[in-house]
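# Breakdown of the fold
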Amino acid sequence: MRSLLGSRIILATGNDGKIREYRQLLTHHDIAMKTTGELGISDPPETETSFAGNARIKAVNAMRASNMIALAEDSGLEVEALQDAPGVATASWATDSSGRNYQKALNRVWQELADSDSNAPYRARFRAVICVTWPDGGEELFAGRVNGIIVWPPRGAGGFGYDPIFVPDGSDRTFAEMTADEKSSYSHRAKAVNHLVAQCLQDHE
Ligand code: IMP
């Protein structure tokens, strides 16, 4: 496994919520991070049908545009009663002509659950796959997931995205009602980052 100790990397996302969480999760590690937004690199179309495939598209795009080691994440919400939708379409459910619209996305999840023949508790999970690519062609993947339930109405003002309707197993509060540290003790993203840290940011000497 390759090391990222002392590296400069580019984080391939324009999502402010993700950027905040990566800065927090990697803050005590020996790594310097720029984002694609800071370097004026635009997001590529996400044309794959898996989180890993889309994470790789974003990482390779950022790596080629910057010639730096790139870290990208593709993530999403899978709701069991909706046959694991929105899944890789999680971001597009929250997109309208004016940009990101999470209220629309939360309403759609709830409306589709109301139209289904399932009853609460509505089991769901967040999944994240991180892809790290190196300019010489090297690549590593790290995955994380968190199981929980969808609740309504939305609760809390923290976090981002679908956080106000997701309660992880082991808590009775939504991600949006938690501090950043509490969310990280459960989250799919923190678990994927923990794998990355264990493999690429420890001194294995
Ligand atoms: P991506 O940028 O294509 O990976 O899109 C991920 C989508 O999943 C975004 O719309 C996010 O709102 C949603 N998402 C991913 N992780 C989280 C999270 O930790 N909390 C809430 N929503 C999330």
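The structure this text deals with has already been given above.
All of the points below concern the structure found in this document. These numbers come from a predicted model, not from an experiment.

Criteria and cut-off values
Residues numbered from 1 in each chain as written. Predicted model: local features only at pLDDT ≥ 70, side-chain atom pairs only at ≥ 80, totals over all residues. Heavy atoms only, no water. Near = heavy atom within 4 Å. Polar contact = N/O pair within 3.5 Å; in protein donor to acceptor, adjacent residues only side chain to side chain. Areas by Shrake-Rupley, 256 points an atom, 1.4 Å probe, with all protein chains shown as cover. 1 Å grid on protein atoms, 1.4 Å probe; cavity = no way out; pocket = protein on both sides within 12 Å on 5 of 7 lines; lining within 4 Å. Sits in = over half its atoms within 2 Å of the grid points. Helix = DSSP H or I, 4+ residues; strand = E, 2+ residues; numbered from the N terminus. Nonpolar A, V, L, I, M, F, W, Y, C, P; charged D, E, K, R; others polar. Buried < 20%, exposed > 50% of the residue type's maximum accessible area, 1.4 Å probe, protein only. Contact = heavy atoms within 4.5 Å. Salt bridge = Lys/Arg side-chain N within 4 Å of Asp/Glu carboxyl O. Core = buried A, V, L, I, M, F, W, Y, C linked by side-chain atoms within 4.5 Å. Disulfide = S-S within 2.5 Å. Points joined across faces, edges and corners; volume = space filled by probe spheres on them.

### Things to note about the site of the ligand
Taken together, the neighbourhood of the ligand is formed by 18 residues, with K18, D163, K183, H188 and R189 sitting nearest. Between D74 and the ligand, the recorded distance is 3.1 Å, taken from a side-chain N or O atom to an oxygen atom. The fraction of the free accessible surface of the ligand (490 Å²) that becomes covered by protein chains is 97%. Taking a 2 Å distance to the grid points as the criterion, the majority of the atoms of the ligand fall inside the largest pocket. Among the elements of the structure, β3 (69-79), α3 (90-93) and α6 (188-200) are those that each provide at least two residues to the shell around the ligand. If one sorts the elements of the shell around the ligand by residue count, β3 sits on top with 4 residues. By residue class, the composition of the shell around the ligand is 5 nonpolar, 5 polar and 8 charged.

### A closer look at the environment of E73
Within the element layout of this structure, E73 appears in strand β3. By relative accessible area, which is 3% here, E73 ends up buried. In the structure, E73 is positioned 108 residues away from D181 in sequence and 20 Å away in space, judged by C-alpha atoms. Not counting the four nearest positions on each side in its chain, E73 is found in contact with K18, Y22, A55, K58, A128, V129, I130 and R189.

### Concerning the pattern of salt bridges
Using the criterion set out here, one finds 18 salt bridges in the structure. For K18, the salt bridge goes to E73, with nearest N and O atoms at 3.2 Å. Pair noted here: K18 is in helix α1 (residues 16-25) and E73 is in strand β3, with a separation of 55 residues, a long-range link. The pair K18 / E73 is uniform in exposure class, with both members buried. Here the residues in one salt-bridge network are K18, E21, E73, D163, K183 and R189, joined through shared partners.

### Digging into the nonpolar core
Counting 22 residues, the largest nonpolar core has L4, Y22, L26, L71, I130, V132 and L196 as the members making the most contacts within it. When residues of this core are assigned to their parent elements, the largest contribution, 6 residues, is made by α6. Apart from residues lying up to four places away in sequence, L196 is in contact with L4, L71, I130, V132, F142 and L201. Counting residues in each nonpolar core, the second largest holds 21 residues, with A81, W93, I165 and F166 among its members.

### Concerning the state of the cysteines
With the rule as written, the count across this model stands at 0 disulfides. Here C131 is not disulfide-linked; the sulfur of C200 is the nearest cysteine sulfur, at 11 Å.

### Description of the environment of K191
Looking at where K191 falls in the secondary structure, it is placed in helix α6. Relative accessible area serves as the criterion here: at 35%, K191 is assigned to the partly exposed category. For the pair K191 and F142, spaced 49 residues apart in the sequence, the C-alpha separation amounts to 8.8 Å. Beyond its immediate chain neighbours, meaning those up to four positions away, K191 contacts A143, G144, R145, V146 and Y186. Reaching out from K191, the side chain makes a polar contact with the backbone oxygen of R145 at a distance of 3.0 Å.

### What to know about empty space enclosed by the protein
Left-over empty space is what a probe sized like a water molecule reveals as it rolls over the atoms. Counting across every chain of the model gives 1 cavity of 30 Å³ or more. By volume, the largest cavity amounts to about 40 Å³. Around the largest cavity, the lining residues are A12, T36, S42, D43, P44, K58, N61 and A62. Of the residues assigned to the lining of the largest cavity, the class counts are 3 nonpolar, 3 polar and 2 charged.

### Points about the layout of surface pockets
Quantified by volume, the largest pocket comes out at close to 460 Å³. Lining the largest pocket are 28 residues, and of these N15, K18, S75, A91 and R100 lie nearest its centre. Elements with a contribution of two residues or more to the lining of the largest pocket: β3, α3 and α6. Of the residues forming the lining of the largest pocket, the biggest block, 4 residues, is contributed by β3. For the lining of the largest pocket, the residue count by class is 9 nonpolar, 9 polar and 10 charged.

Read these as geometric descriptors, not functional statements.
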